[in-house]
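Inside the fold
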Number of protein chains: 2
Amino acid sequence: MFNHLFSKGGLSLERMRGFMQMAEAGSISRAAPGDANRQSQISRQIRELEHFFGTKLTKRNGRMLTLSPAGQRLSQLIRGQLHDLEDFRKEQAEQPKSLVIGAAASVLDWLLVPVLPAISTLLGNATLYTEVHRSRSLSDAVRDGRVDLALIRKSAVAKGDPMAAVMKVGFHLCIPRRLLKRGTSQQDASSPLVWQRLPFAAGRDGGEADAAIRNSMKGVGVDFRPKFECGSLLQVLKLVQLEACAAILPTVGIPSLDPKLVLVLPFTPMRTFDRTLVLHWNRRQMERRGIESGHLKRLARLIATQRLP
Amino acid sequence: MFNHLFSKGGLSLERMRGFMQMAEAGSISRAAPGDANRQSQISRQIRELEHFFGTKLTKRNGRMLTLSPAGQRLSQLIRGQLHDLEDFRKEQAEQPKSLVIGAAASVLDWLLVPVLPAISTLLGNATLYTEVHRSRSLSDAVRDGRVDLALIRKSAVAKGDPMAAVMKVGFHLCIPRRLLKRGTSQQDASSPLVWQRLPFAAGRDGGEADAAIRNSMKGVGVDFRPKFECGSLLQVLKLVQLEACAAILPTVGIPSLDPKLVLVLPFTPMRTFDRTLVLHWNRRQMERRGIESGHLKRLARLIATQRLP
DNA sequence: AAGATTGCTGACTCCTAAGTCATGTTTAAT
DNA sequence: ATTAAACATGACTTAGGAGTCAGCAATCTT
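Residues numbered from 1 in each chain as written. Chains lettered and ligands numbered in written order. Predicted model: local features only at pLDDT ≥ 70, side-chain atom pairs only at ≥ 80, totals over all residues. Heavy atoms only, no water.

**Examining the relation of the copies chain B and chain A**
Placing chain B over chain A gives an RMSD of 0.2 Å and needs a rotation angle of 180 degrees, together with 0.1 Å of translation along the axis. Taken together, the rotation angle and the small translation identify this as a two-fold axis. Of the residues that chain B buries at the interface, 100% are likewise interface residues in chain A, meaning the two copies contact each other through the same surface. (Least-squares fit on C-alpha atoms with pLDDT ≥ 70 in both. Contact = heavy atoms within 4.5 Å.)

Here is the structure:
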C-alpha cells in the first residue's frame, strides 16, 4: 500500500512545507520576503511537487503566482496534515494545544480579549493566538483552517457551516454630554440637525460598517465630515471617552462608556444594519483537536455574558 | 507556523512509512519478512521518530514489539495522511479511487463477489480490493482504516459506528436427497436420529460459526464426526453440491444449491445464532473519499437484493 | 543448554533533496 | 523603451537520510 507515493522521488515534507507557505502567503515572494534564495527554492519545490503529482498546482495571475484548483485542495490537505503532526507533537511534549482566534479589531479588543483567559481554561489551557481579519477573509480563513475560531457576523458564514450565536450587534450614537447645549433633550439629540454641528470621530478602515455609517449620515441629510478619521474604532472610542467628539459605535464598545458622561442613543438610520455576531469554527479542525461542539457553544455563551468592568 | 516540525531533523515521510508498516504488520519482522536490512532500518526509523516526538511509540511484548498508545494514535494519523496523499495523487492522475472491502471468506465469495462490478460502478468505477478477515479483526481494521468497507455481523460493530443492514443470516441443514432413504419425509429428515447416520462435511476454520455448529450437534445428542473437515465453507458447499455429504450452511450459500437435488431445512438448534449482516464503514474514511452514506445504503440494498444465477 | 527468532546498534556508503548563487524570462508600471 | 518586480532555471555544494552489513542482546522454544 502507498507504494506509488514512495516508488518515485519528488515527495517530501520539506517540499510540502514550501508549497504550503506559498499557498498561505498567496505568492512566492510574499512567502519569503527579501530572501531570493528561499524564493527560488520554493519555486523549485512547487515544480517538483507538480511533477510528482503530474498536475499544475499553480497558475499565473499577472506576474504573481496563485493556486490552481488542484493546488487549493493540496494546500489544504497539507495544512491539515502538518497541523495534525504538530498537534501530536505538542500533545506528546505535554504542551497545551494552540488555537488561532480571529475577529475584527474592535470585536477582538472589546469582546474577546477580556475573556481570553476563560476561553483558554475552557479549552484545556490552550495557548491562544489572536488575529485581526476582515469578515469576508475570516470565513475563508476558517474554511481552510488558518483560523480555528472566529467571532464574525452571521451573514458572513456559509450556511451549513457550524456556528453558535453570541449576541446581536447594533450601532449607537454616542455623544459626550459636554458637547451638547445645556438642557438638550434626548429627543433633540436624536435630530440630524444637532448631529450636523457636532464634532465627530469615525473609523477609516474601509470596512462595511464604516461605509454604512457614512451612507446613513448622507441619507439623513448630514454632511458628514468627521474631525478625526481613525484607523481603528478603538481610537474612535478613546476620543469619545475623552469627551472630545461624538461617534457611531457598535454595541460591543458601549460598555466602555460612562453613561453619566456620554449620552448613548440608538442610531436609527442604521437599524437595518443590525447583525448577529456568531462564533464560527471549522468542523474538521475541531474534530482534529478533539474539541466538541458542546464546548464551543458554552464558549459562545461565555463571550455573550461577559461584562466589562 | 509548524516551525517545530522542521527546526530539527528526524521527521520524514520515509520514517513515517516505515513506522506505519510496522504498525500494520504488528511487529518489525512481520513488516519485512526475510529482509534483515529493512528490519534494521525500520527499527532505526522508529527510534528516530520516537526521538523526534520525545515519546515511546512502541513497547516490548515478549520478543515482539507492539505499539504504545501514543504509537497507536500516530500510526492511525500517518495512515490517514498517506491515504489522503494517495487519493489526491490518484485523482490527479485520473485514476479511479480504490477501496478495500473485507468480509469472511464465505460472505465474500457468495454475497460480495457477484456484485463487485455493480459496486464499482456505484462508487464511480472504483478499483476494489477484497480481503478475507475474521469478524472481530474486521471491525478493528475498519476502525483504523485498513479496510474501507466490511460486510460483517451487526453484533461485531461498535455501537455508534455507521452501518447499513443487508440481510439476516441463519443456518440451514442441507442434505442431498440421494443420501436419504427413499420416502423419507421432510419431518423425518429434521430428526437428529437421521443426522447421526449421514456423512457430513464441516468447516474447520476456528470461527465462531464452526464452533457453534459442533456445539449444537452435541446439544441434540449427535456425535458429530464429519467425514470431511474443510478449511473453508466453500469446500463444504462444493461437497454438498456433489451430493457427497450433508452440511450446515449459512443462508448466503443456499442459493448455490439446486433444491431438486438438495433438501434444505432450517437448522433449528442454531436458531439463537441467527444474525444480521450489515455493511459497515469508517465515517472519516468515507468522508475523505467523498462517498456519502446515501451511496453506502444503496450499496447495502444492492447486495441484499442480488440473486445468484 | 542449544538454537532460533526478534530486535538493537555501530559503522559505514551512497544518493536524494536542501540550500546557494548567478542569470534568464515574463509581466507590469512609468 | 526602460525599469522593476516576480518567478524560473542551470549549475553547483552540502547535509541529511536511506540503505547495507556485521555483530550483539534479549527472549522464546526444544
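Once the structure has been displayed, the description carries forward.
**Overview of the interface of chain B and chain A**
Each partner contributes residues to the interface: chain B has 33 residues there, and chain A has 33 residues. Summing the contributions of chain B and of chain A, the shared interface buries around 3700 Å²; its carbon and sulfur component is 69%. Our enumeration of links across chain B and chain A arrives at two salt bridges. Residues Glu91(A) and Arg73(B) are paired through a salt bridge, measuring 2.6 Å at the closest nitrogen-oxygen approach. Taken together, the links from chain B to chain A amount to seven residue pairs in polar contact (both at pLDDT 80 or more). When residues of the side of chain B that touches chain A are traced back to their parent elements, those giving at least two are helix H1 (3-7), helix H2 (13-25), helix H4 (36-53) and helix H5 (69-92) of chain B. In terms of residues, the side of chain B that touches chain A owes the most to one element, H5(B), which gives 15 residues. In terms of residue class, the side of chain B that touches chain A is made up of 18 nonpolar, seven polar and eight charged. (Buried area = accessible area lost by both parts, 1.4 Å probe. Salt bridge = Lys/Arg side-chain N within 4 Å of Asp/Glu carboxyl O. Polar contact = N/O pair within 3.5 Å; in protein donor to acceptor, adjacent residues only side chain to side chain. Helix = DSSP H or I, 4+ residues; strand = E, 2+ residues; numbered from the N terminus. Nonpolar A, V, L, I, M, F, W, Y, C, P; charged D, E, K, R; others polar.)

**Some remarks on the packing of helix H6 (residues 105-112) of chain A against helix H12 (residues 233-241) of chain A**
All names here are of chain A. In the contact formed by H6 and H12, the axes pass within 8 Å of each other and the chain directions differ by 60 degrees. As far as their axial angle goes, H12 and H6 are oblique. For the pair formed by H6 and H12, the contact residues are Ser 106, Asp 109 and Trp 110 on the first element and Leu 233, Leu 234 and Leu 237 on the second. (Axes fitted to C-alpha atoms, helices over the stretch in contact; angles between N-to-C directions. Parallel < 35°, antiparallel > 145°, perpendicular 65-115°, else oblique.)

**Observations regarding the protein's contact with DNA strand D**
Residues in contact with DNA strand D amount to 24 residues; listed here are only the nearest, Ser29(A), Ser43(A), Ser12(B), Arg15(B) and Gln41(B). Elements supplying a minimum of two residues to the surface near DNA strand D: helix H3 (28-31), helix H4 (36-53) and strand S2 (64-67) of chain A together with H2 and H4 of chain B. When residues in the surface near DNA strand D are grouped by element, the largest group, six residues, is from H4(B). Looking at the surface near DNA strand D residue by residue, the classes come out as three nonpolar, twelve polar and nine charged. (Near = heavy atom within 4 Å.)

**Considering the protein's contact with DNA strand C**
Neighbouring DNA strand C are 24 residues, the closest being Ser12(A), Arg15(A), Gln41(A), Ser29(B) and Ser43(B). At a separation of 2.6 Å, a phosphate oxygen of DNA strand C approaches a polar side-chain atom of Ser12(A). Interatomic distance of 2.6 Å between a side-chain N/O atom of Arg15(A) and a sugar or linking oxygen of DNA strand C. Listing elements by their share of the surface near DNA strand C, those giving two or more residues are helix H2 (13-25) and H4 of chain A together with helix H3 (28-31), H4 and strand S2 (64-67) of chain B. Tallying contributions element by element places H4(A) first for the surface near DNA strand C, with six residues.

**Things to note about helix H8 (residues 135-143) of chain B**
Residues and elements named next belong to chain B. Every buried residue of H8 is listed here: Leu 138, Ser 139, Ala 141 and Val 142. Seen along its axis, H8 keeps its buried residues to an arc of 160 degrees; they face one direction. In the core, the buried residues of H8 are packed alongside strand S3 (98-103), strand S5 (149-153) and strand S12 (275-281). Once H8 finishes, Gly 145 follows within two positions and takes phi at roughly 85 degrees, a positive value. (Buried < 20%, exposed > 50% of the residue type's maximum accessible area, 1.4 Å probe, protein only. Arc of directions from axis to C-beta.)

**Some remarks on the packing of aromatic side chains**
The final tally for this structure, using the stated rule, is ten aromatic pairs over all chains. When the ring of Phe52(A) is compared with that of Phe53(A), the centres are 4.9 Å apart and the planes differ by 90 degrees; the resulting orientation is edge-to-face. Neither Phe52(A) nor Phe53(A) differs from the other in exposure class; each is buried. Each residue in the set Phe52(A), Phe53(A) and Phe88(B) is aromatic and connected to the rest through ring pairs, giving one cluster. Over the ring of Phe273(A) we find Arg275(A); its NZ or CZ atom is 3.9 Å from the centre of that ring. (Phe/Tyr/Trp six-rings, centres within 6.5 Å; stacked < 30°, edge-to-face > 60°. Lys NZ or Arg CZ within 6 Å of the ring centre and 35° of its normal.)

**A closer look at the pattern of salt bridges**
Any two side chains of opposite charge can pair, given that their charged atoms come close. Applying the stated criterion to the full structure yields 27 salt bridges over all chains. Between Arg289(B) and Asp148(B) there is a salt bridge whose closest N-O contact spans 3.3 Å. With a gap of 141 residues between them, Arg289(B) in helix H13 (residues 283-289) and Asp148(B) in the loop between H8 and S5 connect regions that are remote in the sequence. Each of Glu86(A), Arg89(A) and Lys90(A) takes part in one network of salt bridges that share partners.

**Considering the domain arrangement of chain A**
Taken as a whole, chain A is organised into domain 1 (3-76), domain 2 (96-157 + 280-305) and domain 3 (171-273). Computed from C-alpha coordinates alone, the two centres of domain 1 of chain A and domain 2 of chain A are separated by 29 Å. (Domains from an automatic or database assignment.)

**Description of the sheet that holds S12(B)**
Residue and element names in this part refer to chain B. An order of S4-S3-S5-S12-S6 is seen for the five strands of this open sheet, with the pairing classed as mixed. Where the open sheet ends on each side, the last strands, each with one partner, are strand S4 (127-132) and strand S6 (163-169). The mean angle between the axes of side-by-side strands here comes to 20 degrees, regardless of whether they run parallel or antiparallel. Across three bridges, S3 lies against S5 in parallel orientation. Within S5, the residue paired with Ile 101 across the bridge is Leu 149. Sitting on the sheet, helix H6 (residues 105-112) is in contact with S3, S4, S5, S6 and S12, with an inclination near 120 degrees to S3. Packing of H8 onto the sheet brings it into contact with S3, S5 and S12, and relative to S5 it is tilted by some 145 degrees. (Pairing = 2+ DSSP bridges.)

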